[in-house]
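Chain by chain, the residues run as shown.
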Amino acid sequence: MCEQRKQEFTIVGRSERKVDGIALVTGKPKFVADIDLSNMLYVKILHSPYAHARITEINTSRAEALPGVMCVLCSKNTPSTRYTTAGQGYPEPSPYDTRMFDTKVRFVGDRVAAVAAETEEIALQALKEIEVHYEELSPVLSVDAATALEAPIIHDEKDATGIFDPVRNISAKIDINVGDVKQGFAESDSTVETTCETQYAQHTPIEPHVVLSYLDEDGRLVLRTSTQVPFHTRRIVSYVLGIPLHRIRVIKPRIGGAFGTKQEILLEDLAGLVTLRTGRPALIEFTRQEEFVSARTRHPMRIRVKLGAKKNGILHAIEMEALSNTGAYGAHSLTVLSNVGSKTLPIYNKARNVRFSGKAVYTNLPVAGAYRGYGAPQGYYPLEVAMDELAGKLGLDPIELRRRNHIRCGESSPIFEEIGEGREGVAQTINSCELERCLEIGARRIGWAKKRGLRTRNGPWIHGLGMSIHMQGSGIAQVDMGAATIKMNEDGSFNLLVGATDLGTGSDTILGQIAAEVLGVPLSKVIVYSSDTDFTPFDVGAYASSTTYVSGTAVKRAAEEVRGQIVGVAAAMLESGMTNLTIKDEQVISIDGRSVTLAEVCQRAMYQVDQFQIGATESCVQDQSPPPFMSSFAEVAVDTETGVVKIVDYVAVVDCGTVINPKMAQGQIEGALANGIGYALTEVMLFSSTGRVQNATLFDYKILGALDIPPIDITLLDSYEPTGPMGAKSVAEIGINAPIPTIANAIYDAVGVRLTKTPFTPERVLSAIRSHSV
Amino acid sequence: MKIELIVNGKQQELDSAPGETLLHLLRRIGYKGVKKGCESGDCGACAVLLDDRVVNSCLVLAAKADGHRVTTVEGLAGQDKTGELHPVQEAFLEHGAVQCGYCSPGMIIAAVDLLAHNPNPSDQEIKEGISGNLCRCTGYVKQIEAIRIAAEKMRKSADV
């Protein structure tokens, strides 16, 4: 049985306004490039025009001679240290296969050289003056080409480390066995098998990558950067540039969206080196074109899923085999691959025989990295399509098949222990799971019983309904660490300093709400600041849906410690026992009704008796990663004449534990669904035969606009996760897992074809319909 | 070349190099609320009002704006000297329409333009009104709601 919520909250559970909202709606200079520094240099990067080539000669003298050019960087004058751009905990579970500037380029858009100049125009002019001689190598432009016998070796450098098998272009590999799948399938009454393939897709935050670097008055390097991972950035830049960590300060101001692409150290090393070499501030802003070509993408994958079930519909064996394309470098290659299995397979924990295997291979295409969902969207696609097929084969309603198989409170899955983030995972039991209610409510709201299977026609349009269920995690168990500092001011306000990285999600606000709840003050009395490696305590940063659960717990602990100190001082003031005191409405009140204000408490502690700073720093590493759960339903209409798929209605029911801020939690789901619908229907990076991105603009790469948004109906269930702060779990990523399988299953319900390749473009849908009806 | 602009009610004489965009000029002279997202007119983050119509300032040459009025997001609040937020800004805040906030200035400007010309838009008209403004965080649901509520509020105060 799931534990029910026992506490009532005052601030938690309210749709408080964003603490940084007024500044944002009035256009205050909150973002990286919004400040002007005098004497600033502009940095531009020369990108490789070839997918695979060796640089045989590079001559920068003409560029250096150009008036206004202050610094030209290339492989000849920069550190040769191999590192990973993946902003992960140390040691990073990604191979060290990247150099600041290599003598080999591995994709169109790879770094060749960079120029820092007095103006952007001069920097661009200077790029043209750099002479580069390339020896072209055969490019590897698909996973099949990468794994073919005698395939060109992409990482033939001797000094790379952590690559699983460089000779075979395998960046990472995984093979997990629970029970015996072969026997499991033999014992099954019914089996289905499907293979699905996902495309190259991009995050497209509206603010492209940007960094501003400068030296402070003491000669320390300051990096003001649009990052999800300020502390990892400091560590990795220190390592790459070979300067002491304490000589670097990383400031994360407001971030204009990230979605994983800013969990990567892409520009900070370069800006930092320019500033160290010239002593001058340096700005690097990716153009939209560069963002498409040289930033990060989602790992395209081909995944085969085989399911075996007994007559009663209980799964007996699951096999999942993934082939992931990590592009030219292996950032996040192993961990995203791991998550394909670890974030999907536990949801069907009845199966006793499970095999998950896969490899991530290098190609000479853009570099994949972390992207909201982190492998789970790719994994859920074949898994949930296969479940739909299995339901059909068994003659069961797809909802009923899920109901018989999904994980529940008090249960576990061996997968939790088997697959971690680049290492073994952590065993855990589910403490909160409202999937049954998610299914029931979702089915009702979409009109499942009435509409499914009807294939209602409206001219060329045929309607259909599809569904799927999902989970994610809440941080990485026993890996992710968050810390928070709270200090009290003499007006009864508090500074909350967090390394947790609000990138637009609203985490500053919800962390403030958690602190305000414990401290008995309105949110306006909590001044939230994130993040600055000089001033805020360590936090791994915003990724893996960790902030609410991990950093939120650190905030709660710090607030509780501070609350204890306040009560201690108040007890002396009121000459009362500590247990007789409560904090409410900015006052400490004794059982007999006497009270002191929080301001008076702090004034006494600061200026009068037994003086000390009321404050605390607390940390959190969680032993678990409780999954949020959701059910997802869609009604689609398919135009049988053109292949256009229109989403008529979308319903999501989410169990994310206690909802700290309802509007913001809804916004997370709405945004993730919109992103996922684009991933399912319209978004795809296209490549020329030489590996060049052909649609590197927001005109040609189609993300959803306001006109494309279907009606979205979201229900956040009342749920309670006993290990989370105030009962909360995560909410940021889960929504993006849902649209692809949900829409695929709805298209099948409408027109009877299984789409196994994303995006579901009109051409693809029409061709599937035509080949099906022949 | 010299150009004259009235930015948020303030007349300014400015130097501008040929080819400089209005986006570049506005950011250069301190209007950092005008955001750069694509410089090709696709995302709308740089939207401003030129005289009374919304434009993507990345597609307008600064010289073309010579002699015209420009309103940026910085010029919306407190036009009545009280420092109060514009009803669209207020509604964006209140109804969760802001996530990262990078598209917000352009989106708010587009909404202000819409409501100036159509005080009572349908949801479809709201969607059309912000169709040139991309947002990757929200899914637009809260923004559409906020604009609808701002419109109501503005109609009510116009009636008074």
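Remember, predicted model here, so these are calculated numbers, not experimental data.

### Focus on the overall build of chain A
Then, in step 1: A count of helices and strands for chain A gives 20 helices and 29 strands.
Then, in step 2: With the C-alpha coordinates aligned to their principal axes, the bounding extent of chain A is approximately 90 × 70 × 50 Å.
Then, in step 3: The burial tally for chain A puts 61% of its 774 residues in the buried class.
Then, in step 4: Considering only contacts in chain A between residues 6 or more positions apart, those separated by 24 or more positions represent 80%.

### A look at the nonpolar core
Then, in step 1: If you look at the biggest cluster of nonpolar residues, it comprises 309 residues, and the most contacted ones within it are Val43, Leu496, Ala515, Ile743 and Ile747 of chain A together with Ala111 of chain B.
Then, in step 2: Other than its neighbours up to four places away in sequence, Val43 of chain A contacts Ala114, Val115, Ala116, Ala123, Leu270, Ala271, Val274, Ala282, Leu283 and Ile284 of chain A.

### Regarding the interface of chain B and chain A
Then, in step 1: Residue-level contacts link 43 residues of chain B with 43 residues of chain A.
Then, in step 2: Of all elements in the fold, only helix 2 (87–94), helix 3 (104–117), helix 4 (123–129) and helix 5 (141–159) of chain B reach the threshold of two or more residues within the side of chain B that touches chain A.
Then, in step 3: If one sorts the elements of the side of chain B that touches chain A by residue count, helix 2 of chain B sits on top with 4 residues.
Then, in step 4: A class-by-class count of the residues in the side of chain B that touches chain A yields 21 nonpolar, 13 polar and 9 charged.

### A short note on the domain arrangement of chain B
Residue and element names in this part refer to chain B.
Then, in step 1: What the domain assignment lists for chain B is domain 1 (2–75) and domain 2 (87–159).
Then, in step 2: Between the C-alpha centres of domain 1 and domain 2 there is a distance of 21 Å.
Then, in step 3: Counting from both sides, the interface comprises 14 residues of domain 1 and, opposite them, 12 residues of domain 2.
Then, in step 4: Elements with a contribution of two residues or more to the side of domain 1 that touches domain 2: strand 3 (47–50) and strand 4 (53–56).
Then, in step 5: Counting residues per element, the side of domain 1 that touches domain 2 draws most heavily on strand 3, at 3 residues.
Then, in step 6: Of the residues in the side of domain 1 that touches domain 2, the class split is 9 nonpolar, 2 polar and 3 charged.

### A short note on helix 17 (residues 598–608) of chain A
All names here are of chain A.
Then, in step 1: Along helix 17, the positions that sit buried rather than exposed are Leu598, Val601, Cys602 and Ala605. Each buried residue of helix 17 sits inside an arc of 90 degrees when the element is viewed along its axis, so together they form one side. Of the exposed residues in helix 17, the ones pointing more than 90 degrees away from its buried face are Tyr607 and Gln608.
Then, in step 2: The elements touched by buried residues of helix 17 are strand 20 (481–488), helix 16 (547–574), strand 24 (587–590) and strand 25 (595–597).
Then, in step 3: Backbone geometry just downstream of helix 17 places Asp610 in the positive-phi region, at approximately 45 degrees.

### Quick notes on the pairing of strand 28 (residues 645–655) of chain A
All names here are of chain A.
Then, in step 1: Of all 11 residues in strand 28, 9 are buried, a share of seventy percent or more.
Then, in step 2: Taken together, strand 27 (residues 629–639) and the strand that follows it, strand 28, pair antiparallel across an intervening segment of 5 residues, in which Gly643 is found at a positive phi of about 85 degrees.
Then, in step 3: Note: strand 28 against strand 29 (residues 712–716), 5 bridges, orientation parallel. Bridge pairing links Val651 to Asp713 in strand 29.
Then, in step 4: A crossover connection joins strand 28 to the parallel strand 29 through helix 18 (residues 662–681); in handedness this β-α-β unit is right-handed.

### Notes on the sheet that holds strand 17 (residues 353–362) of chain A
Sheet strands pair by backbone hydrogen bonding; their relative direction is either parallel or antiparallel.
All names here are of chain A.
Then, in step 1: Overall, mixed pairing links the 5 strands, which are arranged 7-17-16-15-8 in an open sheet. The two strands at the open ends of the sheet, each matched to only one other strand, are strand 7 (170–178) and strand 8 (190–197). The average angle at which neighbouring strand axes cross in this sheet is 5 degrees, direction not considered.

Conventions and cut-offs
- Residue indices follow the written sequence of each chain, beginning from 1 at its first position.
- Here chains are named by letter from A upward and ligands by number from 1 upward, in the order in which they appear as written.
- The model is predicted, so local features are restricted to residues of pLDDT at least 70 and side-chain atom pairs to those at 80 or more, both for listing and for counting; the totals for chains, interfaces and linings are taken over all residues.
- The secondary structure listing takes helices from DSSP runs of H or I that are at least 4 residues long and strands from runs of E that are at least 2 residues long, numbered from the N terminus.
- Labels follow a simple rule on C-beta atoms placed from the backbone: if 20 or more others lie within 10 Å of a residue's own, it is buried; if 12 or fewer, it is exposed; otherwise it is partly exposed.
- C-beta atoms are placed from the backbone for every residue, and two residues are taken to be in contact when these atoms lie within 7 Å.
- Note on definitions: a nonpolar core is a set of buried residues drawn from Ala, Val, Leu, Ile, Met, Phe, Trp, Tyr and Cys, linked by C-beta atoms within 7 Å.
- Under the scheme applied, nonpolar residues are Ala, Val, Leu, Ile, Met, Phe, Trp, Tyr, Cys and Pro; charged residues are Asp, Glu, Lys and Arg; polar residues are all the others, including Gly.
- Boundaries of every domain are those given by an automatic assignment or by a domain database.
- Note: the arc covers the axis-to-C-beta directions of the helix.
- Should DSSP find at least two bridges between two strands, the strands are taken to pair.
- Assignment of crossover handedness uses the view with strands pointing away from the viewer, where a clockwise path from the first strand over the helix to the second indicates a right-handed crossover.
- Here an axis means a line fitted to C-alpha atoms, over the contact stretch when the element is a helix, while the angle between two N-to-C directions is reported on a 0 to 180 degree scale.

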